[in-house]
Amino acid sequence: MHIFIDNKSGNPIYEQIYNQIKAQIINSTLCEDEPLPSIRNLAKDLRISVITTKRAYDELEHDGFIYTVAGKGCFVAQKNTELLREENLKKIEDYIDKIIQLSASCNLSKQDIIDMIDIMVGD
């Protein structure tokens, strides 16, 4: 597992860890039931607080990406296809919001946008 902490990022460190582990789970770099580094080991490797690492793991577990086995550690959870679908729907909605904003600045109509999508998707 590879995690990169960007100290210049405006995002909190726990959020950077959360996002990177989540992305690796979604794209199958990390597989179902694969063990994650212990909270202490990850904190040591990244040279950050154990509390920060624990918060990232807690968030991942709360959102269903990992699970904990007492005395054994944290593991990648089975992919929840409904959760992944919701994540992707949210991303699509965010892109649509950007399209609406850009189209307004170009004076495009709703039909213009639909036509563009039809051309891009094809038959």
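Residues numbered from 1 in each chain as written. Predicted model: local features only at pLDDT ≥ 70, side-chain atom pairs only at ≥ 80, totals over all residues. Heavy atoms only, no water.

> Run through the pairing of strand β1 (residues 66-69), naming residues and quoting values.
In this sheet, strand β2 (residues 73-76) lies alongside β1 in antiparallel orientation, the contact comprising four bridges. Looking across to β2, one finds that threonine 68 is bridged to cysteine 74. What sits between the antiparallel neighbours β1 and β2 is a turn of three residues, in which glycine 71 has the positive phi angle 80°. (Pairing = 2+ DSSP bridges. Helix = DSSP H or I, 4+ residues; strand = E, 2+ residues; numbered from the N terminus.)

> Before we move on, can you summarise the environment of glutamate 61 with the specific residues and values?
Inspection of the secondary structure assignment puts glutamate 61 in helix α3 (residues 50-62). Taking the relative accessible area as the measure of exposure, glutamate 61 reaches 35% and is therefore partly exposed. For the pair glutamate 61 and alanine 77, spaced 16 residues apart in sequence, the C-alpha to C-alpha distance is 8.5 Å. Apart from residues lying up to four places away in sequence, glutamate 61 is in contact with Ile66, Tyr67 and Thr68. A polar contact of 3.0 Å, which involves the side chain of glutamate 61, links it to the side chain of threonine 68. (Buried < 20%, exposed > 50% of the residue type's maximum accessible area, 1.4 Å probe, protein only. Contact = heavy atoms within 4.5 Å. Polar contact = N/O pair within 3.5 Å; in protein donor to acceptor, adjacent residues only side chain to side chain.)

> I'd like a description of the pattern of salt bridges, backed by residues and values.
Scanning the entire structure with this criterion turns up three salt bridges. A salt bridge links lysine 54 to aspartate 58; the nearest nitrogen and oxygen atoms lie 3.1 Å apart. Residue lysine 54 and its partner aspartate 58 are both found in helix α3; the two are separated by four residues, about one turn of the helix. Given the relative accessible area of 40%, lysine 54 is considered partly exposed. (Salt bridge = Lys/Arg side-chain N within 4 Å of Asp/Glu carboxyl O.)

> Quick rundown of a nonpolar patch on the surface? Include the residues and the values.
Where nonpolar side chains cluster on the molecular surface, the patch consists of Ile92, Ile96, Ile99 and Ile100 and spans about 350 Å² of accessible area. Within the fold, isoleucine 100 resides in helix α4 (residues 81-105). (Patch = residues over 30% accessible without salt bridge, like charges linked within 9 Å, V, L, I, M, F, W, Y side chains within 5 Å. Areas by Shrake-Rupley, 256 points an atom, 1.4 Å probe, with all protein chains shown as cover.)

> An account of unusual backbone geometry is requested, with residue identities and associated values reported.
Unusually for a residue other than glycine, serine 28 sits at a positive phi of about 65°. When you line up the elements, serine 28 lands in the loop between α1 (13-26) and α2 (39-46). Backbone geometry places asparagine 107, a non-glycine residue, at a positive phi of 60°. Overall, the relative accessible area of 70% leaves asparagine 107 in the exposed class.

> Explain the environment of leucine 42 to me, using residue names and the numbers behind them.
In this fold, leucine 42 is placed in helix α2. When its relative accessible area of 4% is taken as the criterion, leucine 42 is described as buried. If we skip the residues at most four places from it in the chain, leucine 42 touches Met1, Ile3, Ile17, Pro37, Thr53 and Tyr57.

> I'd like a description of the packing of α1 against α3, backed by residues and values.
Viewed as axis vectors pointing N to C, α1 and α3 meet at an angle of 45°, and their least axial separation amounts to 8 Å. In terms of orientation, α1 lies oblique with respect to α3. Like other packed secondary-structure pairs, α1 and α3 cross with a definite hand, here right-handed. Taken together, the residues of α3 that come into contact with α1 (itself represented by Ile13, Tyr14, Ile17, Tyr18, Ile21 and Lys22) are Thr52, Arg55, Ala56, Tyr57, Glu59 and Leu60. In terms of residue class, the contact of α1 with α3 is made up of eight nonpolar, one polar and three charged. (Axes fitted to C-alpha atoms, helices over the stretch in contact; angles between N-to-C directions. Parallel < 35°, antiparallel > 145°, perpendicular 65-115°, else oblique. Left-handed = near helix turned anticlockwise from the far one by under 90°. Nonpolar A, V, L, I, M, F, W, Y, C, P; charged D, E, K, R; others polar.)

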